[in-house]
Amino acid sequence: MSTIDWIVLFGTLISIVAYGVWKSKDTKDMDGYLRGGSDVKWWAIGLSIMATQASAITFLSTPGQAFNDGMGFIQFYFGLPVAMIIIAVFFLPIYYKLKVYTAYEYLETRFDMKTRMLAAFIFLVQRGLGAGITIYAPSIILSSLLGWDLKITNVLIGTLVIIYTVSGGTKAVTQTQKTQMAVMMGGMIIAGILVIVSLPTGVGFGDALNVAGKMGKLDVVDFSFDLKNRYSFWSGMTGAVFLFLSYFGTDQSQVQRYLSGKSLSESRLGLMMNGLLKVPMQFIILFIGVMVFVYYQYNQPPVFFNETVKEEIYETDYADDFRTLELEYESVFSEKLEAVNELNRAIKTDDPLEIESAQTLVNQIQTESDEIRAEAKVMIEAAVPGAEINDKDYIFMTFVMNVLPVGIIGLLFAVIFSAAMSSTASELNALGGTTTIDFYKRKVKQDGDDLHYLKKSKLFTLAWGILAIIIASSLSLFENLIQAVNLIGSLFYPTVLGIFIVAFFFKSIKSNAVFIGAILSQLVIFLIHYLNIQGTAGVFTMGFLWYNALGCILVVLFSFMIKIVRDK
Amino acid sequence: QNTNEVNDKPPFFSSWPKVYMLVMGVLAVLIFLFYLFTEHYS
């Protein structure tokens, strides 16, 4: 990176932190600290919700996902507007009516204290670990790309977030997220334009679309009904709706965003804004990934996108074999380049037979090319034990660093850092708030004044921030911990959503029935997950996405059955 | 206590169901355009 890039990167990050601290300097009470003073406008709520969900991995992984598998991932987001409407109609009015600070407060009003504590505790465990990952996941990629020490990168991201989140609470988080979203969307739109401009002379935007389409990267929607297909219209409109309901409706890091609204209408409109803009936003990010794929049809791509790992293999006995593989990859690329040019020529002739034969040839060579890439990964795994062989998170930033002009590289790194910070800030803000409201104020000290709880909130937010940095720094020691944490979310969230669904829609079910129903449902989810790992789940063979729907339905069913038995 | 109002009509529209219909309408149009896009380029 050049000096200008470093100035752009740090200038952006420091400005955002300073802006957040300055805009929230008059936060003097709990309402200001946990709900932004309850005067946030709808568009700021919408931006805040989007910035919270858009983590660094959104911008690192999503283009890489499109590069490898095309645009199909967007279907996952089709369920989001549906979930937004359900939350706006059923969840929000009750949260507002009861004037709650956290979603879990409502559960005590509706059921009892133990149900509230159960949901709040699950949130703290899941989000506390999740905040560590929100820092760690981009850190490991950024430290590799920038040549930094991993721990220093963790501490840098964590400290920047802690500065404004601890001092200004929700107000600071909401204010900074406005600027962070501007940086993120501005940076990505500029990157998208520059990717298209970077295509070789003579290859227009239409040609790029034709190549991407004929190589299977533009299959945006798939209406086929197949449970094994992770991303289809149907999984987006069913399983994903449950996932988004549990994330946006019951996770305090999101609930806190829209509870800061000036009024119920402002909050509802903020949710609708998220529902309207999320699909187009994901389309843009995925489309950039597809355009990077097209760029690498005309320019030699590396056989493996993580440079640091590649340098490590050059130091091992596998170096010569790896270089041979790279030469093979280059010769296949030259062959493919000719075939791609032939495909473009065939498309211009409009002759279906010619197009089909050119398309078949291109895809045949692409398969060869993919096989060499897979072989390279196997070799890396053997040569550098413990190396991450999935390089999709490195594809986009490798393109940025090698192709985009000075200044823009710094801006794109600022996008990634901003995304990491905006998500972490919401998480710490919610963790501090939930600890104060649901545990400290409820169980430890009930008669404190506003200032006392404000100080405690700041203290708890700081403690969670330090814990997140410690977790992020420990993650590299436990290879499978990330999957474990993501798994915790998939295993526990269904039950929490089930409790909320019973609370909102089944008024006759009381506290003990839902508590026992939730525990039974949780045990069934554990059992089904265990059977899935063993490969003996039979009709219950399913991906994580479906746990949400199943767990939620089970809580309702079990609670109902317990209620019927008790009524008799 | 929090001061936000609960007894409040959406801005720009006469009722909330119309806003929800607009959101679902936009989603339906997007999915239809994606379908055309997929068919055209595959």
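Reading guide: rules and limits
Residues numbered from 1 in each chain as written. Chains lettered and ligands numbered in written order. Predicted model: local features only at pLDDT ≥ 70, side-chain atom pairs only at ≥ 80, totals over all residues. Heavy atoms only, no water. Helix = DSSP H or I, 4+ residues; strand = E, 2+ residues; numbered from the N terminus. Contact = heavy atoms within 4.5 Å. pLDDT = per-residue confidence, 0-100. Buried < 20%, exposed > 50% of the residue type's maximum accessible area, 1.4 Å probe, protein only. Phe/Tyr/Trp six-rings, centres within 6.5 Å; stacked < 30°, edge-to-face > 60°. Lys NZ or Arg CZ within 6 Å of the ring centre and 35° of its normal. Domains from an automatic or database assignment. Buried area = accessible area lost by both parts, 1.4 Å probe. Salt bridge = Lys/Arg side-chain N within 4 Å of Asp/Glu carboxyl O. Polar contact = N/O pair within 3.5 Å; in protein donor to acceptor, adjacent residues only side chain to side chain.

Overview of the side chain of A:Lys278
Mapping A:Lys278 onto the fold places it in helix 13 (residues 264-298). Not counting residues up to four positions away in its chain, the partners in contact with A:Lys278 are A:Met50, A:Gln53, A:Tyr77 and A:Leu80.

Structural notes on the confidence of the model for chain B
Residues at a pLDDT of 70 or more form 79% of chain B, whose mean pLDDT is 79. Ignoring residues within four places in sequence, the model shows residues 1-7 of chain B, a span with pLDDT below 50, making 25 contacts including any to other chains.

Focus on the environment of A:Gly128
Residue and element names in this part refer to chain A. Along the polypeptide, Gly 128 turns up in helix 7 (residues 113-146). Judged by relative accessible area, which is 3%, Gly 128 ranks as buried. Separated by 72 residues in the primary sequence, Gly 128 and Pro 200 place their C-alpha atoms 47 Å from one another. Once you skip the residues sitting within four places of it in the chain, Gly 128 turns out to touch Phe 123, Leu 431, Trp 464 and Ile 471.

What about the packing of aromatic side chains?
In total, this model carries 39 aromatic pairs over all chains according to the counting rule given. Ring geometry for A:Phe91 against A:Tyr95: centres 6.5 Å apart, planes inclined by 85°, an arrangement best described as edge-to-face. On the criterion of helical spacing, the pair formed by A:Phe91 and A:Tyr95 is a turn pair, its members being four residues apart in helix 5 (residues 79-97). You'll find A:Phe91 and A:Tyr95 in the same group, each marked buried. With 6.1 Å between their ring centres and 70° between their planes, A:Phe283 and B:Phe37 make a pair best called edge-to-face. With one member in each of two chains, A:Phe283 in helix 13 and B:Phe37 in helix 1 (residues 16-41) form a pair that bridges those chains. Taken individually, A:Phe283 and B:Phe37 each receive the classification buried, so the pair is uniform in this respect. In this structure an aromatic cluster arises from ring pairing among A:Phe78, A:Phe205, A:Phe223, A:Phe233, A:Trp234, A:Phe283, A:Phe287, B:Phe34, B:Tyr35, B:Phe37 and B:Tyr41. Note that A:Lys114 overlies the ring of A:Phe515, its terminal NZ or CZ placed 5.1 Å from the centroid.

Some points on the domain arrangement of chain A
Residues and elements named next belong to chain A. Taken as a whole, chain A is organised into domain 1 (3-296 + 402-477), domain 2 (307-388) and domain 3 (478-568). On the domain 3 side, the residues contacting the 39 residues of domain 1 number 32 residues. Of the roughly 3,300 Å² buried between domain 1 and domain 3, counting both surfaces, carbon and sulfur atoms make up 78%. For the domain 1 face of the interface with domain 3, the top three residues by lost area are Arg 110, Phe 111 and Phe 242, together amounting to 18%. The tally of links from domain 1 across to domain 3 stands at zero salt bridges. Here domain 1 and domain 3 share six residue pairs in polar contact (both at pLDDT 80 or more) between them.

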